[in-house]
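Overview (structure and organization)
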Amino acid sequence: MGSEDYLITLISGNDSTRVDEATIVATGLAEKMGATSVTLLFIGSSIETLNKYDPRSLIISTKIEELKKAKIKIMACPVAMEYYHITESDLLYYDCDKIPGGKVIADANKAGHTILTF
């Protein structure tokens, strides 16, 4: 493997199993596989797992420090936030980047990054 850039998208991942699997893959790529950068993008219903008032956020809240330590970038799609009525102050990880998911995916694709979807 080597120093690739990865974008991991969580589209319909509002269940703990998908989110857990994605975080395991992300940290593995960052810490064991030598990835240059790994980004977790929360779009669609997966945005609910970043909502600190949603019980499904427990999986991320228990892994936030591990993700930060592995230098994994967390992004929240503002379009999904609006659709699911999640405000910035509702976010568990409030200082994540907020860029429309479609743009993030298109830019990553153009740049030749590996995109994994859960």
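These remarks concern the structure in this document. Note that this is a predicted model, so its numbers are computed, not measured.

**Thoughts on the overall build of the chain**
Within the chain, the regular secondary structure consists of five helices and four strands. Taken from N to C terminus, the helices and strands of the chain fall in the order β-α-β-α-α-β-α-α-β. In terms of C-alpha radius of gyration, the chain reaches 13 Å, essentially the compact-globule figure of 13 Å for 118 residues. Relative to its 118 residues, the chain shows a buried fraction of 43%. Nonlocal contacts in the chain, meaning residues at least 24 apart in sequence, comprise 72% of its contacts between residues at least 6 apart. By element, 54% of the accessible surface of the chain is carried by carbon and sulfur atoms, the whole surface being about 6,200 Å². Across the chain, the 12 positively charged side chains and the 16 negatively charged ones have centroids separated by 3 Å.

**Remarks on the pairing of strand β2 (residues 37–42)**
Successive side chains on a regular strand alternate, one facing one side of the sheet and the next facing the other. Burial within β2 is extensive, with five of its six residues counted as buried. Direction of pairing for β2 relative to strand β3 (residues 73–76): parallel, over a ladder of four bridges. Across the sheet, residue Leu41 finds its bridge partner in β3, namely Met75.

**Thoughts on the nonpolar core**
Grouped together as the largest cluster of nonpolar side chains are 35 residues, with contacts concentrated most on Ile8, Val38, Leu40, Phe42, Ile47, Leu50 and Ile74. Those elements that provide at least two residues to this core are β1 (5–10), α1 (16–31), β2, α2 (58–61), α3 (64–69), β3, α4 (78–83) and α5 (101–110). The residues touching Leu40, leaving out its near neighbours within four places in the chain, are Ile8, Leu10, Ala22, Thr23, Ala26, Leu67, Ile72, Lys73, Ile74 and Met75.

**Remarks on α1**
An ideal rise of 1.5 Å per residue puts 22 Å on 16 residues; α1 measures up with 22 Å between its terminal C-alpha atoms. Along α1, the residues classified as buried are Val19, Ala22, Thr23, Ala26, Thr27, Gly28 and Leu29. Buried residues in α1 make contact with β1, β2, α2, α3 and β4 (114–117).

**Re α5**
Residues three or four positions apart in an α-helix share a direction because the helix packs 3.6 residues into each turn. Within α5 the residues assigned to the buried category are Gly101, Val104 and Ala108. Down the axis of α5, the buried side of the element spans an arc of 60°, and every buried residue falls inside it. For α5, the exposed residues set more than 90 degrees away from the buried face come down to Gly102, Asn109 and Lys110. Trailing α5 by a residue or two, Gly112 shows a phi angle of about 80°, which is positive.

**Considering the environment of Tyr94**
Along the chain, Tyr94 falls in the loop between α4 and α5. Judged by its relative accessible area of 56%, Tyr94 is exposed. Between the alpha carbons of Tyr94 and Ser16 there is a distance of 20 Å; along the sequence they are 78 residues apart.

Conventions and cut-offs
Residues numbered from 1 in each chain as written. Predicted model: local features only at pLDDT ≥ 70, side-chain atom pairs only at ≥ 80, totals over all residues. Heavy atoms only, no water. Helix = DSSP H or I, 4+ residues; strand = E, 2+ residues; numbered from the N terminus. Rg over C-alpha atoms; globule rule 2.2 N^0.38 Å. Buried < 20%, exposed > 50% of the residue type's maximum accessible area, 1.4 Å probe, protein only. Contact = heavy atoms within 4.5 Å. Areas by Shrake-Rupley, 256 points an atom, 1.4 Å probe, with all protein chains shown as cover. Lys, Arg positive; Asp, Glu negative; His and termini not counted. Charge placed at Lys NZ, Arg CZ, Asp CG, Glu CD. Pairing = 2+ DSSP bridges. Core = buried A, V, L, I, M, F, W, Y, C linked by side-chain atoms within 4.5 Å. Expected span 1.5 Å × (residues − 1). Arc of directions from axis to C-beta.

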